[in-house]
Amino acid sequence: MFSKILVANRGEIAVRVIRTCQELGIRTVAVYSEADATALHTVLADEAVLIGPPPPTESYLRGDRIVEVALETRCDAVHPGYGFLSENTDFAEAVEAAGLVFIGPPPAAIRAMGDKVTARALMAEAGVPVVPGYEGEGSLDDFLAAARDLGYPVLVKAAAGGGGKGMRVVEREADLPAAIETARREAQGAFGDPRVYLEKYLPRPRHVEFQVLADQHGNVVHLFERECSVQRRHQKIIEETPSPLLDDDLRQRMGEAAVAAARAVGYVNAGTVEFLVDEERHFYFLEMNTRLQVEHPITELVVGVDLVKAQINVAAGKPLPFSQADLHQRGHAIECRVYAEDPANNFLPATGRVLRAVEPVGPWVRVDAGVTTGDTVTHHYDPMIAKLIVWGEHRLDALRKMAWALDHYIVLGVTTNIPFLQDIVRHETFRRGEVTTDFVERHFADWRLPDEPVPDEVLIAAALADLFEATASINANGGAPTGSGDPFSPWNQADGFRVGQRV
Amino acid sequence: MEFRYEVNGEIHTVRVEREGEGRYRVTVGDRTYAVEAHRPEHGRLHLSIEGRRCRAYVAREGARRYVAFGARPYVLEQSRGRRRARAAAHEGSLEAQMPGQVVAVLVEEGQEVEAGQTLVVLEAMKMELRVIAPTAGRVRAVFCQPGDVVERGQRLVELA
């Protein structure tokens, strides 16, 4: 087993990985940018090393520097988290070349799945259905001709992309050239590879993905599905498992396809095979994410497996401790992604300092937070504040618990999507489990905060808070002691006394 | 003491009179309440309003007062009494819709542009946003250059 792991990430996922390492008695090294000097992951890790300025290209994407740090701090493995370098073949290879273990799939599997064009070809070969598309590297005219054949709308996607980054829906031919240009630029910026391809846009699909886990001894299992159809800007905001769409037969066929997909690329470690399911319940391979997924916790709750622990054990060469027949779904889990963004203004990212965050606590409520009281959301990184995850005995139970948890999640100082999430989990279509990927656009396009009068309680609380603050600052400027009002309290002394200091 | 707050363009006046240790008489508009309250700790304010107990979380940044009550956050602007004149939108000026970094400035001063033409490209969190000319016109001024970090609402380009 490893004795020390470098976590090449930030935010909630770095925190989540470090916590499991702590449980397993493995020491950890965090890396951080200048913007994250006081971030939670730097505090939790046994060691933390500054790797550069805030922009990811100068810090969290500096694979060379991160490998150096891993060697300097005598780590024996690197966990990449998700995003950043997690699906970067060069990084995985550099880690291995340095004699360290990459806690993830073999570089060849990342490369095969990372190039969406190659992946589509491999899947078709392995008998896994793929969405019709155009994988050409031809001229703009070739793209225009292919799009005409496929029929609009089409999707422009980055060959090196994934997770909706750099993806564009194009409704008509006139918009295709600009969409390709923008997608190429975004792809170059985000992945260092400007290649794009076209895919037929399936009307009203559902997004259902399967978690797979493979060890180094040829065992591959799936840990069932996650339904991720609630999306905005093609990025997931709510996920749940089991999917209300699947029955046992479809679940079994998709699970087998997911295992076949993993086997086709010699996959090892945790990965996710994403499918689209159309209105006739046909499913198509979309892409494979060769890393831990943001929404992995819902699988953990329903299947009862710690996926990060499994990743570490697999990377250390251990065989999977279960077979497919041992795995079952129990109850229902839902995740909501809490973002600093304004749902009433195109979901544009919000930045600023979180003045106060109070996370909900209760039975089967899990909060994987990357940002809490005192932290700043900057424009450099993903604006996710936390993942709110609940488990219930059945779907309705989980829905009620999520509604409760959202109502008790307080974030002051930055605009968040919590009120929006509250409305979604109470929406009739969502409650019926009939959500397709266009759900947000169809039902929440003009969403606004309800224009209700401010309750008097709020105005009373504001005025009293201001009164207390005003009186505290009057006192602080040379009146009676402040704060507790206790004249004997040591907190009110200003004579330089310090705990632990020699008197 | 009297406090004035602006919420959604509406002004609310709240008067607070101290009646004893932890006891206040609070008037909101024409409604008066007997309130018990103590100095908040960790932003948590316990209140008893006409004998009904409730809890709010409070925070402040500058003139902005935040209150979480029930299941909702509220933002109240402390008002100096007169309605603050909304910064009148500059005619023809285009502002950043999100905080981020200027990736490209595609026009220069004096240039004629067509409606729909991209003027500036912004990027934040790997998302690209194009600032587009709403109408045809001439670029009167450019207020940003590539690499600039801009705040939401900051002027980028002015069209004549």
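Draft legend 1. Representation of the domain arrangement of chain A. In terms of domains, chain A is made up of domain 1 (4-103), domain 2 (132-200), domain 3 (206-444) and domain 4 (456-492). Summarising the inter-unit geometry, the C-alpha centres of domain 3 of chain A and domain 4 of chain A are found 44 Å apart.

Draft legend 2. Highlighting the packing of helix α7 (residues 140-150) of chain A against helix α8 (residues 176-191) of chain A. Residue and element names in this part refer to chain A. Here α7 crosses α8 at 115°, and the two axes come no closer than 11 Å. Classified by chirality, the crossing of α8 by α7 is right-handed. Between α7, through L140, F143, L144 and A147, and α8, the contact on the second element is made entirely by L176, P177, I180 and R184. Across the contact of α7 with α8, the residue classes tally to 7 nonpolar, no polar and 1 charged.

Draft legend 3. Inspection of empty space enclosed by the protein at higher detail. Following the criterion strictly, the structure yields 5 cavities of 30 Å³ or more and no others. Computed from the structure, the largest cavity encloses a volume of approximately 90 Å³. Taken together, 14 residues form the lining of the largest cavity, with Y409, I410 and V411 of chain A together with R72 and P73 of chain B sitting closest to its centre. Within the residue set of the lining of the largest cavity, elements represented by two or more residues are α12 (395-407), β23 (410-412) and α13 (418-425) of chain A together with β7 (64-69) and β8 (72-78) of chain B. When its residues are assigned to classes, the lining of the largest cavity shows 10 nonpolar, 2 polar and 2 charged. When its volume is computed, the second largest cavity comes out at roughly 60 Å³. In this structure, the second largest cavity is lined by 13 residues; those nearest its centre are E227, V230, E240, F430 and V435 of chain A.

Draft legend 4. Here's a closer look at the domain arrangement of chain B. Partitioning chain B into structural domains gives domain 1 (2-78) and domain 2 (93-159). Each of domain 1 of chain B and domain 2 of chain B has a C-alpha centre, and these two points are 41 Å apart.

Draft legend 5. Spatial organisation of the packing of aromatic side chains. Residue and element names in this part refer to chain A. The final tally for this structure, using the stated rule, is 13 aromatic pairs over all chains. Taking the centre distance of 6.2 Å and the plane angle of 80° together, the rings of F210 and F275 count as edge-to-face. Placement of the pair is F210 in strand β10 (residues 206-214) and F275 in strand β13 (residues 269-277), with a sequence separation of 65 residues. The pair F210 / F275 is uniform in exposure class, with both members buried. On the basis of an interplanar angle of 85° and a centroid distance of 5.3 Å, the ring pair of F275 and F283 is categorised as edge-to-face. Among the residues examined, F283 registers a relative accessible area of 11% and is labelled buried. Ring pairing ties together the aromatic residues F347, F420, F439, F444 and W447, which thus form one cluster. Between the NZ or CZ atom of R232 and the centre of the ring of Y339, over which it lies, the distance is 4.6 Å.

Parameters and conventions
Residues numbered from 1 in each chain as written. Chains lettered and ligands numbered in written order. Predicted model: local features only at pLDDT ≥ 70, side-chain atom pairs only at ≥ 80, totals over all residues. Heavy atoms only, no water. Domains from an automatic or database assignment. Axes fitted to C-alpha atoms, helices over the stretch in contact; angles between N-to-C directions. Helix = DSSP H or I, 4+ residues; strand = E, 2+ residues; numbered from the N terminus. Left-handed = near helix turned anticlockwise from the far one by under 90°. Contact = heavy atoms within 4.5 Å. Nonpolar A, V, L, I, M, F, W, Y, C, P; charged D, E, K, R; others polar. 1 Å grid on protein atoms, 1.4 Å probe; cavity = no way out; pocket = protein on both sides within 12 Å on 5 of 7 lines; lining within 4 Å. Points joined across faces, edges and corners; volume = space filled by probe spheres on them. Phe/Tyr/Trp six-rings, centres within 6.5 Å; stacked < 30°, edge-to-face > 60°. Buried < 20%, exposed > 50% of the residue type's maximum accessible area, 1.4 Å probe, protein only. Lys NZ or Arg CZ within 6 Å of the ring centre and 35° of its normal.

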